[in-house]
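Remarks on the overall topology
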Amino acid sequence: MSPADPGTADEPSDEPSVEPSVELHAVAPQLRALRRRASLTLEAAARAAGLSPAHLSRLETGQRQPSLPMLLAVARVYGTTVSELLGETVADRDAVVRAADMEPTPAGGWIYRQAGSSGRGMQALRVHVPHGSQGDIVRVHPGEEWLYVLEGRLRLRLGDTAHVLEPGDSAHFDSLTPHRIAAAGRAGAELLFVHTLLQSPTAALCLGPATGHPTPGETS
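Just so we're clear, the structure is a prediction, and the values are computed from it rather than from any experiment.

**Topic: the pairing of strand 2 (residues 110-114)**
Bridge count between strand 1 (residues 104-107) and strand 2: four bridges; the pairing is antiparallel. The residue bridging P106 from the neighbouring strand is I111, located in strand 2. Looking at chain direction, strand 2 and strand 3 (residues 122-129) are connected through four bridges and run antiparallel. Its bridge partner being in strand 3, Q114 is matched across the sheet by L125.

**As for the pairing of strand 3**
Along any regular strand the residues' side chains alternate between the sheet's two faces. Judged by which residues are buried, strand 3 turns out to be one-sided: Q123, L125, V127 and V129 face inward and are buried, whereas M122, A124, R126 and H128, on the alternate face, are not. Pairing of strand 3 with strand 10 (residues 189-196) involves eight bridges; the strand directions are antiparallel. Within the sheet, the bridge partner assigned to Q123 lies in strand 10 and is H195.

**A few points about the nonpolar core**
L40, L51, L56, V74, Y78 and L85 are the most contacted members of the largest nonpolar core, which has 23 residues in total. Elements that contribute at least two residues to this core include exactly helix 1 (24-37), helix 2 (42-49), helix 3 (53-60), helix 4 (68-78) and helix 5 (82-85). Here the element with the most residues in this core is helix 4; it accounts for seven residues. Among the nonpolar cores identified, the runner-up in size contains 19 residues, and W110, V129, L156 and A189 belong to it.

**Observations regarding the packing of aromatic side chains**
Using the criterion set out here, one finds two aromatic pairs in the structure. Taking 6.2 Å as the distance between ring centres and 40 degrees as the angle between the ring planes, the aromatic pair formed by W110 and Y112 counts as tilted. Under the relative-accessibility criterion, W110 is labelled buried at 0%. Taking 6.3 Å as the distance between ring centres and 20 degrees as the angle between the ring planes, the aromatic pair formed by W146 and Y148 counts as stacked. Note that R139 overlies the ring of W110, its terminal NZ or CZ placed 5.7 Å from the centroid.

**Observations concerning the environment of V127**
Its place among the elements puts V127 in strand 3. Assessed through its relative accessible area of 0%, V127 is described here as buried. V127 sits twelve residues away from A115 along the chain, and the two C-alpha atoms are 9.5 Å apart.

**A few points about the sheet that holds strand 2**
Strand-to-strand pairing in sheets goes through backbone hydrogen bonds, with the strands running parallel or antiparallel. Strand order in the open sheet made by the six strands is 1-2-3-10-5-8, with antiparallel pairing throughout. Bordering the open sheet on either side are strand 1 and strand 8 (170-174), each of which pairs with just one other strand. Ignoring which end each strand starts from, the neighbouring axes of this sheet average 25 degrees apart. Of the strand pairs in this sheet, strand 5 (residues 144-151) and strand 10 are connected by six bridges, and their pairing is antiparallel. Counterpart to L147 in the pairing with strand 10 is F193.

**With respect to the pattern of salt bridges**
Throughout the structure, instances matching the rule amount to three salt bridges. The residue E166 makes a salt bridge to R153 at a minimum N-O spacing of 3.1 Å. Linking E166 in the loop between strand 7 (161-165) and strand 8 with R153 in the loop between strand 5 and strand 6 (154-158), this pair joins segments that are 13 residues apart in sequence. Judged by relative accessible area, which is 33%, E166 ranks as partly exposed.

**A short note on the packing of helix 2 against helix 4**
Where helix 2 contacts helix 4, the axes come no closer than 9 Å and their chain directions differ by 120 degrees. The angle between the axes of helix 2 and helix 4 places the two elements in the oblique class. Seen from above, helix 2 lies across helix 4 with right-handed handedness. In this structure, helix 2 contributes A45, A48 and A49 to the contact, and helix 4 contributes A73, V74, V77 and Y78.

Thresholds, definitions, all that
Starting from 1, residues in each chain are numbered consecutively following that chain's sequence as written. Reporting in this predicted model follows two pLDDT cut-offs: at least 70 for local features of residues, and 80 or more for side-chain atom pairs to be given and counted; totals over whole chains, interfaces and linings ignore these cut-offs and use all residues. To get the side-chain values, all heavy atoms of the structure are used, and hydrogens and water are removed first. Only when DSSP finds a minimum of two bridges between them are two strands counted as paired. By the criteria applied, helices consist of DSSP H or I runs no shorter than four residues and strands consist of E runs no shorter than two, each listed in order from the N terminus. Three labels apply to residues, based on accessible area from a 1.4 Å probe with only protein chains included: buried if under 20% of the type maximum, exposed if over 50%, partly exposed otherwise in between. Here, the term nonpolar core denotes a set of buried Ala, Val, Leu, Ile, Met, Phe, Trp, Tyr and Cys residues that are joined through side-chain atoms within 4.5 Å. Each aromatic pair joins two rings of Phe, Tyr and Trp (for Trp, the six-membered one) with centres within 6.5 Å, and gets the label stacked for planes under 30 degrees apart, edge-to-face for over 60, and tilted for any other angle. Both a distance and an angle decide whether a charge sits over a ring: NZ of Lys or CZ of Arg must be within 6 Å of the ring centre and within 35 degrees of the ring normal. To obtain each axis, a line is fitted to C-alpha atoms, and for helices this fit is confined to the stretch in contact; angles are then taken between N-to-C directions over 0 to 180 degrees. Salt bridges are identified by distance alone: a Lys or Arg side-chain nitrogen within 4 Å of an Asp or Glu carboxyl oxygen. Small angles under 35 degrees read as roughly parallel and large ones over 145 as roughly antiparallel, with 65 to 115 read as roughly perpendicular and the rest as oblique. If you view the pair so one helix is near and one far, a crossing is left-handed when the near helix is turned anticlockwise from the far one by less than a right angle, and right-handed when it is turned clockwise. Throughout, a residue-residue contact means that at least one pair of heavy atoms, one from each residue, lies within 4.5 Å.

So yeah, pure geometry; function would need other evidence.
As structure tokens, then:
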């Protein structure tokens, strides 16, 4: 389960660009260095970020000015932050995240709240899963995931095994196991979610709509 990424246009004409004060000549080699550090080809990185290889190549050579949505997409692919892409010095990360600072971020029908510091090896989130949203998506990617149900009931399918989790239940599994996550009740489900951030072209691989028998509790 990874937050659904909004599509990034290949040749945008109306997206906000990075502020002119940004040293673009420093951004270009940083983009190339981070891609190589992630062991990604130009084609694989571009595909994962929603760009064409030619467009990403122009960004890496400084021939095109990146927009903020582009930088966000590329940062997600490389498992880093926009600050690192821009070569900025990262301040010491706070160990504590206050509830008031957990801004809701909608993506793919779910609501995500950052529950940990950015730039870590793991990402911690508080997630609201509405009923009927993303329930037909099967995901498989390297890494591990852990989730804990706070409210509501959650349907979790791991491979061919179906589970219904109640508040207080948790699951910890290898993300290479094909998995589906959906709310089992009309009120949706609230959960804590932790996953490893991966520099991999398969980090957001989705197999598409699931097939097979319904998970118990689907009509609750």
